[in-house]
Structure formats: C-alpha cells, structure tokens
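Fold and geometry: a report
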Amino acid sequence: ALVAIFLFALAVRLAATAVVGFSSLRFGDAGPYLAAAAEIAEHGRYPDRTEAFFFRPPGYPLFLAAVTLGRTDRIPMAKVANALLGSGAAVLLALLSARIFRRRGIAVATGLVAAVFPSFVLLATDVQSEPLFLVFILLSGAWLLAAADRGSPVVALGAGAALGLAALTRPSA
C-alpha cells in the first residue's frame, strides 16, 4: 500500500509540475535558493550574504546543489526531486496515521488524501524548501512516536536529528 501511495502521489505531482512547467520558476524565493546552491556547488560554502533582510537556512540550497549535481540551471531535476520528496511526505503521513490510529484503512486513506491534497501538490511544483522541510518534520514526528512506543533513546536521537535538519531547512522548525 505504501508503494502504491508513493507512486500515485508521484504521478499527481509530476502531472501538476508538467502543467506548471518543468523549467519555469514562479516561486519568489526560487532565484535566491538557486543562487545559494550555485555558491555551495562552486565554492563549497554557503554564501556570506543572501538578502539584506531575509535569511534562508542552508539546508535546501545544499539539497539543490546535490540533486542538480552542482548545475543549478537544471531546474527540472530540482522539480523532480521535490516531487519525490512530496511523495515521500504522503507515505510518512500514512505511517504516522497508522501509528496514531492503529488502523490500516485510516492510514491508507490518509496517504491517499495527502497524495492529492492541493497544497502539498502545489508545493512540489516549484523550487521551494517546503517539500524537504515537510519530510524532515514528519520524519521527526514519526520517529518521536516510535521512540515513545518502544522506549528507545536511539530512535529519539534520530527524531532530534531529523528536527535539526528541519530547522536547517526552515527556521520555523
């Protein structure tokens, strides 16, 4: 069921990206994210300056540099990577639902709704940090619940690490 949810979510996100355009940039922060990724790819460090009044954490630009193999003009690769992340988020929501409600049907329904939820789909159609952030924050929550159920400090540390990565992606974490 999880593989089916992932593939369905991926198909929805890729179709939506095709409608928007695989090479177009509509999100206002896409340019600065790509510029920071180019700086990371070219010089191996986060830029000293981004914008005068707004700080963007380095997590997403580092992710962009990795998925575009250092060529930030490869916008379609970044968009496909975001579609994959968004599909992973649908699976993570299904897993969280299964852990919380302990019912397979509710978990599958949660995953299917997340696969087509308009806000989640829209987030995956452009170069923006939300899909990566969503995966890290959901992973943190899933591991925190697992750690509480099992009494496992190692899984709890994993939850903290995922939350730290979420904070390196979006300051709201």
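Preceding this section is the structure that the text describes.
Residues numbered from 1 in each chain as written. Predicted model: local features only at pLDDT ≥ 70, side-chain atom pairs only at ≥ 80, totals over all residues. Heavy atoms only, no water.

1. Considering the overall build of the protein
For clarity, the cut-off: A run of DSSP states H or I qualifies as a helix once it reaches four residues; a run of E qualifies as a strand once it reaches two. Both are numbered from the N-terminal end. Just to be clear, the radius of gyration here is over C-alpha atoms, and the globule rule we use is 2.2 Å times residues to the power 0.38. Any residue under 20% of the maximum accessible area for its type is buried, any over 50% is exposed, and the rest in between are partly exposed; the area is computed with a 1.4 Å probe on protein chains only. All accessibility values rest on the Shrake-Rupley procedure with a 1.4 Å probe; residue burial counts only the protein chains present in the view. The charged-residue count follows a simple rule in which Lys and Arg add positive charge and Asp and Glu add negative charge, with His and chain termini not counted at all. All charge positions are set by atom: Lys at NZ, Arg at CZ, Asp at CG, Glu at CD.
Along the backbone of the protein there are eight helices and zero strands. Tracing the protein from N to C terminus, the helices and strands come up as α-α-α-α-α-α-α-α. Over its C-alpha atoms the protein spans a radius of gyration of 17 Å, differing by no more than 12% from the 16 Å that the globule rule assigns to 173 residues. Expressed as lengths along the three principal axes of its C-alpha atoms, the size of the protein is roughly 45 × 40 × 25 Å. Per-residue burial for the protein yields a buried fraction of 43% across its 173 residues. Here the protein has roughly 8900 Å² of accessible surface; of this, 69% comes from carbon and sulfur atoms. Separation between the mean location of the 14 positive side-chain charges and that of the 9 negative ones in the protein comes to 12 Å.

2. Observations concerning helix H2 (residues 30-43)
Convention followed: Here, expected helix span is obtained from the residue count minus one, scaled by 1.5 Å. Contacts between residues were defined by any pair of non-hydrogen atoms, one from each residue, lying within 4.5 Å.
Here H2 is 14 residues long and its end C-alpha atoms lie 20 Å apart, about the 20 Å a rise of 1.5 Å per residue gives. Within the span of H2, buried status applies to Ala30, Tyr33, Leu34, Ala36, Ala37, Glu39 and Ile40. On its buried face, H2 is in contact with helix H3 (59-67) and helix H4 (75-101). A positive backbone phi angle near 75° is found at glycine 44, which sits one or two residues after H2.

3. A few points about unusual backbone geometry
Positive phi is not limited to glycine here, since leucine 69 has a value of about 55°. A relative accessible area of 62% means that leucine 69 is categorised as exposed. Backbone geometry places arginine 102, a non-glycine residue, at a positive phi of 55°. Along the chain, arginine 102 falls in the loop between H4 and helix H5 (104-116).

4. So, the pattern of salt bridges
Two side chains of opposite charge can pair, provided their charged atoms sit close to one another. The following threshold applies: What counts as a salt bridge is simple: a side-chain nitrogen of Lys or Arg found within 4 Å of a carboxyl oxygen of Asp or Glu.
In the structure shown here, the tally under the stated rule is five salt bridges. Close ionic contact of aspartate 73 with arginine 71 constitutes a salt bridge, the shortest N to O distance being 2.9 Å. Arginine 71 gets classed as partly exposed once you look at its relative accessible area, which sits at 40%. A salt bridge links arginine 102 to aspartate 149, with the nearest nitrogen and oxygen atoms 3.4 Å apart. Of the two residues, arginine 102 sits in the loop between H4 and H5 while aspartate 149 sits in helix H7 (residues 130-150), which places them 47 residues apart along the sequence.

5. Details of the environment of valine 3
Counting through the fold element by element, valine 3 comes out in helix H1 (residues 2-20). Taking the C-alpha atoms as reference, valine 3 lies 8.1 Å from valine 91; in sequence the two are 88 residues apart.

6. Looking at the packing of H1 against H4
For clarity, the cut-off: Here an angle of 0 to 180 degrees is reported between the N-to-C directions of two axes, which are lines fitted to C-alpha atoms, with helices fitted over the stretch in contact. Handedness of a crossing follows from how the near helix is turned relative to the far one, being left-handed for an anticlockwise turn of less than a right angle and right-handed for a clockwise one. In this classification, the charged set is Asp, Glu, Lys and Arg, the nonpolar set is Ala, Val, Leu, Ile, Met, Phe, Trp, Tyr, Cys and Pro, and all remaining amino acids, among them Gly, are polar.
Two elements in contact, H1 and H4, have axes separated by 8 Å at closest approach and are oriented at 145°. The crossing of H1 and H4 is right-handed. Across the interface between the two elements, Leu2, Ile5, Phe6, Ala9, Leu10, Arg13, Leu14, Thr17 and Val20 from H1 touch Lys79, Val80, Ala83, Leu84, Gly86, Ser87, Gly88, Ala90, Val91, Ala94 and Leu95 from H4. Among the residues making up the contact of H1 with H4, the classes are represented as 14 nonpolar, four polar and two charged.

Geometry only, nothing functional implied.
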